[in-house]
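# Structural features, examined
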Amino acid sequence: MAHMGTCAFRISALILCLPALFPAIAFPQASSDISSAATPTSAQAYVYVGTSKGVYLYNAASNGSLTLVSGSPFSIAGSALGSNGKYFVSLGTAYLHSYPIASNGAIQGQVSQINTASYSGDECGATYGGLFDHSGQAVYVQRNTQTAECTALQSFRISSTGGLTFLGSTEFNQTITSTPTLMTLTGYGGEGFSFAPVGSCTISTYEFGRGSGGLMGYHPVAGETDPTAQPGWAYQPLLPKGGVAADPTNDLAIPVMAMNGGPCGPVDTAQLASYTVFANGALDSSNTWENMPTPLVYPTVLNMSPLGQFLAVGGNTTFSASNGTQTPGLQIFHFNRENPITPYSGVLTSAPIDEIHWDNDNHVYALSNSTKKLYVYTVTSSSVTPVPGSPYTIASAPNAVVVVPTSPICSAPSSNA
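Throughout what follows, the structure given in this document is the object of discussion.

Definitions and cut-offs
- Residues numbered from 1 in each chain as written.
- Predicted model: local features only at pLDDT ≥ 70, side-chain atom pairs only at ≥ 80, totals over all residues.
- Heavy atoms only, no water.
- Helix = DSSP H or I, 4+ residues; strand = E, 2+ residues; numbered from the N terminus.
- Buried < 20%, exposed > 50% of the residue type's maximum accessible area, 1.4 Å probe, protein only.
- Areas by Shrake-Rupley, 256 points an atom, 1.4 Å probe, with all protein chains shown as cover.
- Polar contact = N/O pair within 3.5 Å; in protein donor to acceptor, adjacent residues only side chain to side chain.
- Salt bridge = Lys/Arg side-chain N within 4 Å of Asp/Glu carboxyl O.
- Disulfide = S-S within 2.5 Å.
- Pairing = 2+ DSSP bridges.
- Axes fitted to C-alpha atoms, helices over the stretch in contact; angles between N-to-C directions.

Here we take up the overall build of the chain. The helix and strand tally for the chain stands at zero helices and 36 strands. Of all 417 residues assigned to the chain, the portion counted as buried reaches 56%. Total accessible area on the chain stands at roughly 15,000 Å², and carbon and sulfur atoms take up 53% of it.

Glancing now at the side chain of aspartate 251. Relative to the helices and strands, aspartate 251 is located in strand 21 (residues 251-260). A distance of 3.5 Å separates a polar atom in the side chain of aspartate 251 from a polar atom in the side chain of threonine 249.

This part is about the pattern of salt bridges. Following the criterion strictly, the structure yields three salt bridges and no others. One salt bridge in this structure joins arginine 337 and aspartate 247, with 3.5 Å as the shortest N-O distance. Of the two residues, arginine 337 is situated in the loop between strand 28 (329-334) and strand 29 (342-343) and aspartate 247 in the loop between strand 20 (245-246) and strand 21; the sequence distance between them amounts to 90 residues. The pair formed by arginine 337 and aspartate 247 is uniform in burial state, with each residue classed as buried. Aspartate 251 is paired through a salt bridge with arginine 337; the nearest N and O atoms lie 2.6 Å apart. Of the two residues, aspartate 251 is situated in strand 21 and arginine 337 in the loop between strand 28 and strand 29; the sequence distance between them amounts to 86 residues. Residue aspartate 251 shares its accessibility class with arginine 337, and that shared class is buried.

Quick look at the side chain of serine 83 now. Within the secondary structure, serine 83 sits in strand 6 (residues 79-83). Take serine 83: its relative accessible area is 2%, and that puts it in the buried class. Within the structure, the side chain of serine 83 is placed 2.9 Å from the backbone nitrogen of glycine 85, a separation counted as a polar contact. Within polar-contact distance, the side chain of serine 83 engages the backbone oxygen of tyrosine 87 at 3.1 Å.

Bringing the state of the cysteines into the picture now. Per the counting criterion, the structure on display carries one disulfide. Note that cysteine 124 is cross-linked by a disulfide to cysteine 150, the S-S spacing being 2.1 Å. Negative torsions about the S-S bond denote left-handed disulfides, and the value of about -120° found for cysteine 124 with cysteine 150 makes this one left-handed. Placement of the pair is cysteine 124 in the loop between strand 9 (112-115) and strand 10 (127-132) and cysteine 150 in strand 12 (residues 150-158), with a sequence separation of 26 residues. Under the relative-accessibility criterion, cysteine 124 is labelled buried at 0%.

So, on to the pairing of strand 35 (residues 398-405). Most of strand 35 is tucked away: seven of the eight residues are buried. With seven bridges joining them, strand 3 (residues 45-51) and strand 35 adopt antiparallel strand pairing. Note that in strand 35 the partner of threonine 51 across the bridge is proline 398.

The next subject is unusual backbone geometry. Note that the residue after serine 72, namely proline 73, is joined by a cis bond; omega there is 0°. Summarising the element assignment, proline 73 is placed in the loop between strand 5 (66-68) and strand 6. A cis amide bond, omega 5°, links serine 390 with the succeeding residue proline 391. With respect to the secondary-structure elements, proline 391 resides in the loop between strand 33 (384-386) and strand 34 (392-393). The phi dihedral of asparagine 362 falls on the positive side, at around 70°, and the residue is not glycine. Among the structural elements, asparagine 362 can be located in the loop between strand 30 (355-358) and strand 31 (363-368).

With respect to topology, four strands assemble into an open sheet ordered 10-11-12-13, the strand pairing being antiparallel. Strands with a single pairing partner mark the edges of an open sheet, and in this sheet they are strand 10 and strand 13 (164-172). For this sheet, the mean inter-axis angle between neighbouring strands, taken without regard to orientation, is 20°.

Let's shift gears to the pairing of strand 12. Most of strand 12 sits inside the fold, with eight of its nine residues counted as buried. For strand 12 and strand 13, the ladder comprises eight bridges, and the chain directions are antiparallel. When the sheet's bridge partners are listed, alanine 152 is paired in strand 13 with glutamate 171. Where strand 12 folds back onto strand 13 in an antiparallel hairpin, the turn is made up of five residues, including glycine 162, whose phi is positive at roughly 90°.

With antiparallel pairing, four strands are arranged side by side in an open sheet as 24-25-28-29. Both outer strands of the open sheet, strand 24 (301-304) and strand 29, are each paired with one neighbouring strand and no more. Alignment of strand 24 against strand 25 (residues 310-315), held across four bridges, turns out to be antiparallel. When the sheet's bridge partners are listed, leucine 302 is paired in strand 25 with valine 313.

Below, the structure written as structure tokens:
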């Protein structure tokens with residue numbers, strides 16, 4: 001990662017309201033099987049679990065407990081990507097699909113599809129992931145193959161009737177050696193970041209800016225200041241698909257790894273760094289090797305609570321270094337804006353965790369594909385406790401989770417000026 005000078009100003013945060021349209025997207029006990037539950041009468045959030053047999057929809061009550069919605073699993077093409085509360089979107093190796101959502105959250109018949117391979121960016125290979133922008137009016141799709149030696153970010157607009165249209169694409173990472181991380185949007189949605197290796201051991205940062213109508217374009221990083229390492233060491237980010245999280249304003253949580261004697265030198269266990277995105281797009285961290293926490297789990301997926309006070313960290317593999325071992329599991333941290341992240345919970349479950357999302361009612365949902373379980377916890381300033389029935393057993397092999405709150409959550413974050 002490039003090391004650049006620190007900027008002297010930051011983006012001021014306006015009052016933020018996270019709408020019902022979007023998800024702000026924890027101790028083991030006996031599993032509950034919810035494969036045959038009745039239709040719910042109300043929901044604080046809709047929880048969609050994509051599986052090999054379709055999408056299972058669950059009603060999340062105010063205490064976080066789940067009830068299966070009648071009609072599950074709902075048939076979709078490809079894999080679940082996300083929802084803006086009115087339409088559900090799925091993604092295959094080529095096609096992007098949209099489906100209207102009924103008043104009870106149920107996924108209805110397809111209303112639109114678009115062949116992403118028919119537009120610029122297809123030369124970079126097949127799709128491997130995507131996300132909604134914060135307005136719910138654009139969908140971003142990333143494409144890559146090892147042989148193409150490039151990555152493309154395509155932008156699509158989703159209309160008020162669910163129609164999908166192509167807005168444009170941008171290519172980046174021309175000397176790729178592995179798949180870049182899925183782009184993470186800043187809390188205000190104006191910028192996005194992805195990370196990828198260039199050459200054998202060097203990690204590069206890629207930055208994107210949102211233009212008119214939702215088109216996301218690549219532009220060079222204005223500057224970057226990484227955490228201060230021990231003498232002779234340097235930090236680089238990890239590269240899991242979901243390994244970056246954003247708070248509601250302009251701060252990011254990024255897992256980093258210290259390397260000794262250069263990019264290909266010995267490495268330590270991963271730590272958690274906080275970064276601020278400045279008004280000109282530069283990234284800055286004032287953290288040091290002494291004040292950054294080392295999670296007990298290997299941080300392959302991160303997700304931030306809607307108000308940005310809690311950071312959920314999941315891992316699905318074991319990593320060992322000379323200074324210790326990190327395992328699969330789930331752990332909660334306090335996120336403190338640009339200040340160092342601090343531990344909150346111990347390891348809540350040792351199950352491998354593949355995806356994490358939050359609702360607007362202090363609940364975190366952590367999906368374990370290999371164990372076919374969904375772990376749900378209530379996280380407050382005073383405790384972290386499993387919701388009644390957690391962990392829940394999914395009826396068939398899961399591969400994605402989408403959380404859509406049914407009511408907004410509003411806050412007034414302080415300025416970073």
